[in-house]
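Chain and residue survey
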Amino acid sequence: MQYKNSGYQNSFIQENAIQEQRIPEQLHIGTCNTRTAGTRTASYRNMQYNCEHGTYGQDCDLKCSVKCENQTCHSITGRCLSCPPGWRGDYCEQECEKGTYGQECAFNCSVKCENQTCDSITGRCLCCPPGWRGDCCEQDCEHGTYGQECAFNCSVKCENQTCDSITGRCLSCPPGWRGDYCEQDCEHGTYGQECAFNCSVKCDNQTCDSITGRCLRCPPGWRGDYCEQECIDTIFGPNCKQQCDPDCVPESTEIKRLCDAICGDSVLRSKILADPNAEDKKYQPLLQVHSPGEEGYINAVTLPSLYTQTKQFLTQLPMPTTVNDFWRLVTQYNVSLIVAFKSYEKDKSLAIYLPEEQGQPLQCGNIAVNVESVTTAPTWTEMKLTVKGKQTQEVTHLTFTERHIEPKNLLPFVQYARSLRTPDKSVVYTCRQVCW
């Protein structure tokens, strides 16, 4: 007599069946071949035994999936009793969903993993975002590295080779350098950390060492790291490196023949300026021109130089009747620099002698004056002019703009004006009334 079960044991049913049939002892209970799905042949009293490890089904002839943990499954259905880390499903046939890992895929990948993607078994991040490293991307890049997997080195130009761990941009640059990767040196006229400082206006062409700020060159008449010292009596020129003429020595306590710090010329001072006869000679007319319908001279004086052909003129700001003569002076004597002092008083006697805007030339007789560029500094304005007469020449017009003339304001202006002087070309100094 057989008792079948649909894949599971019920010892109580088997026990009752034996009792109802009153099976004699001599029948040797336990030798019945009756099988239930998921059980081996066994005695009625011992039908609780399942299939052998790794098998299941009606005759225990089916093998559990190799993906089941320890290849263990339900003896009737074959469903895995548990899955190894990284797998899920009745038969452990599916990998963990994105963002999960571990036993039964019950854990979430670290939010620091790139795209929150990790190894479905161990939970280690498959990839870290730029700037991070470690199994769970929990560590930022080591000093001097950046980027994906911290695989790149910061630029050696970065200060202390320290950069942003994500982009690689330098956090700061050493003195004299600038740019995201400290690849550019300071712009002209600047120096220091982040190129944040301006070179001294006393430096020749305002050019200095991009790291220290020391002037690379001093204008004639000046010396020192920052061109802050005037030449002493016996030397002159750029950086005070040239020796003055032997004649430039004091002759007496009243009359001194000194050395000009810029060009080395011998300059007479003191008593000679108090000589009435010398005063008369000082203010003689200089410009004699004879153009039809125009005045024959301009009221200007010369500032003599004994050792060079360069001329220096001193005159008032032009008036309506002298504008043409002023520009004739500029063209006739090959003037390359005009140094002016701005008048803040309203004076109708003064004329407009400069173009008011770029691109709008001012016509002064047969001479046209045009503005090419304008540069503004704290105490002066610099204009580059083109003057067209019989020939075309370039002229720099430098205007002192401070209302009050004080040494601290005037000295940088004078130094800069000196640096603009050109050998063998003339200079005009002009102001409203008396210049000095």
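Structure report, in brief. (Residues numbered from 1 in each chain as written. Predicted model: local features only at pLDDT ≥ 70, side-chain atom pairs only at ≥ 80, totals over all residues. Heavy atoms only, no water.)

The next thing to look at is the overall build of the protein. The secondary structure content of the protein amounts to 5 helices and 30 strands. Relative to its full complement of 436 residues, the protein shows a buried share of 37%. Intrachain contacts of the protein at a sequence separation of at least 6 include 34% that bridge at least 24 residues. Roughly 26,100 Å² of accessible area belongs to the protein as shown, and the carbon and sulfur atoms make up 48% of that amount. (Helix = DSSP H or I, 4+ residues; strand = E, 2+ residues; numbered from the N terminus. Buried < 20%, exposed > 50% of the residue type's maximum accessible area, 1.4 Å probe, protein only. Contact = heavy atoms within 4.5 Å. Areas by Shrake-Rupley, 256 points an atom, 1.4 Å probe, with all protein chains shown as cover.)

Next up on the list: unusual backbone geometry. Even without being a glycine, asparagine 70 presents a positive backbone phi close to 60°. Its place among the elements puts asparagine 70 in the loop between β2 (62–63) and β3 (87–88). Among the residues examined, asparagine 70 registers a relative accessible area of 63% and is labelled exposed. Of note in this structure, cysteine 182 is not a glycine but carries a positive phi near 55°. When you line up the elements, cysteine 182 lands in the loop between β11 (177–178) and β12 (184–185). Note on cysteine 182: relative accessible area 0%, which makes it buried.

It is worth spelling out the state of the cysteines at this point. All told, the structure shown has 16 disulfides when counted by the stated rule. In this model cysteine 158 forms its disulfide with cysteine 170; the gap between the sulfur atoms is 1.8 Å. With the S-S bond torsion at -70°, the cross-link from cysteine 158 to cysteine 170 turns out left-handed. Taken together, the residues cysteine 158 in the loop between β10 (152–153) and β11 and cysteine 170 in the loop between β10 and β11 connect sequence positions 12 residues apart. Here the two residues cysteine 158 and cysteine 170 agree in accessibility, since each one is buried. Between the sulfur atoms of cysteine 218 and its disulfide partner cysteine 227 the distance amounts to 2.1 Å. What sets the handedness of the cysteine 218 and cysteine 227 disulfide is the S-S torsion sign, and at about -95° it is left-handed. Overall, cysteine 227 belongs to the buried group, its relative accessible area being 0%. The cysteine cysteine 136 is free of any disulfide, with cysteine 125 supplying the nearest cysteine sulfur at 5.4 Å. (Disulfide = S-S within 2.5 Å.)

A separate point is the pattern of salt bridges. Once their charged atoms are close, side chains differing in charge can pair, the charge on each being opposite to the other. Inspection of every chain in the model, using the stated rule, returns 7 salt bridges. The partner of arginine 79 in a salt bridge is aspartate 90, with the nearest N and O atoms 3.6 Å apart. One end of the pair, arginine 79, is in the loop between β2 and β3; the other, aspartate 90, is in the loop between β3 and β4 (94–95), with 11 residues separating them in the sequence. Here aspartate 90 falls in the partly exposed class, since its relative accessible area comes to 42%. A salt bridge links aspartate 135 to arginine 124, with the nearest nitrogen and oxygen atoms 3.4 Å apart. Here aspartate 135 is found in the loop between β7 (132–133) and β8 (139–140), whereas its partner arginine 124 is found in the loop between β6 (107–108) and β7, with 11 residues between them in sequence. You can call arginine 124 partly exposed: its relative accessible area is 42%. (Salt bridge = Lys/Arg side-chain N within 4 Å of Asp/Glu carboxyl O.)

Next up on the list: the packing of aromatic side chains. A full pass over the atoms with the stated rule returns 12 aromatic pairs. When the ring of tryptophan 327 is compared with that of tyrosine 353, the centres are 6.4 Å apart and the planes differ by 40°; the resulting orientation is tilted. One end of the pair, tryptophan 327, is in helix α4 (residues 323–332); the other, tyrosine 353, is in the loop between β25 (335–341) and β26 (362–364), and 26 residues separate them in sequence. You can call tryptophan 327 buried: its relative accessible area is 0%. (Phe/Tyr/Trp six-rings, centres within 6.5 Å; stacked < 30°, edge-to-face > 60°.)

Our focus in this paragraph is the sheet that holds β26. Strand order in the open sheet made by the 8 strands is β23-β24-β30-β25-β29-β28-β27-β26, with mixed pairing throughout. Among the strands making up the open sheet, the edge pair consists of β23 (300–302) and β26. Each neighbouring strand pair of the sheet contributes to a mean axis angle of 25°, computed without reference to strand direction. With 8 bridges connecting them, strand β27 (residues 367–376) and strand β28 (residues 380–388) associate as antiparallel partners. Along β28, the bridge assignment pairs valine 371 with leucine 385. (Pairing = 2+ DSSP bridges. Axes fitted to C-alpha atoms, helices over the stretch in contact; angles between N-to-C directions.)

On to the nonpolar core, then. Counting 22 residues, the largest nonpolar core has Phe326, Trp327, Val330, Ile338, Tyr353, Leu385 and Val428 as the members making the most contacts within it. Top element by residues in this core is α4. It accounts for 5 residues. Ranked by size, the runner-up nonpolar core spans 16 residues in total, among them Leu314, Val339, Phe341 and Trp380. (Core = buried A, V, L, I, M, F, W, Y, C linked by side-chain atoms within 4.5 Å.)

The subject of this paragraph is helix α5 (residues 407–420). For α5, built from 14 residues, the straight-helix expectation of 20 Å at 1.5 Å per residue is met to within 8% by its first-to-last C-alpha distance of 20 Å. Turning to α5, its buried residues are Asn409, Leu410, Pro412, Phe413, Gln415, Tyr416 and Ala417. The inward-facing, buried residues of α5 abut β15 (222–223), β25, β28 and β29 (392–400). (Expected span 1.5 Å × (residues − 1).)

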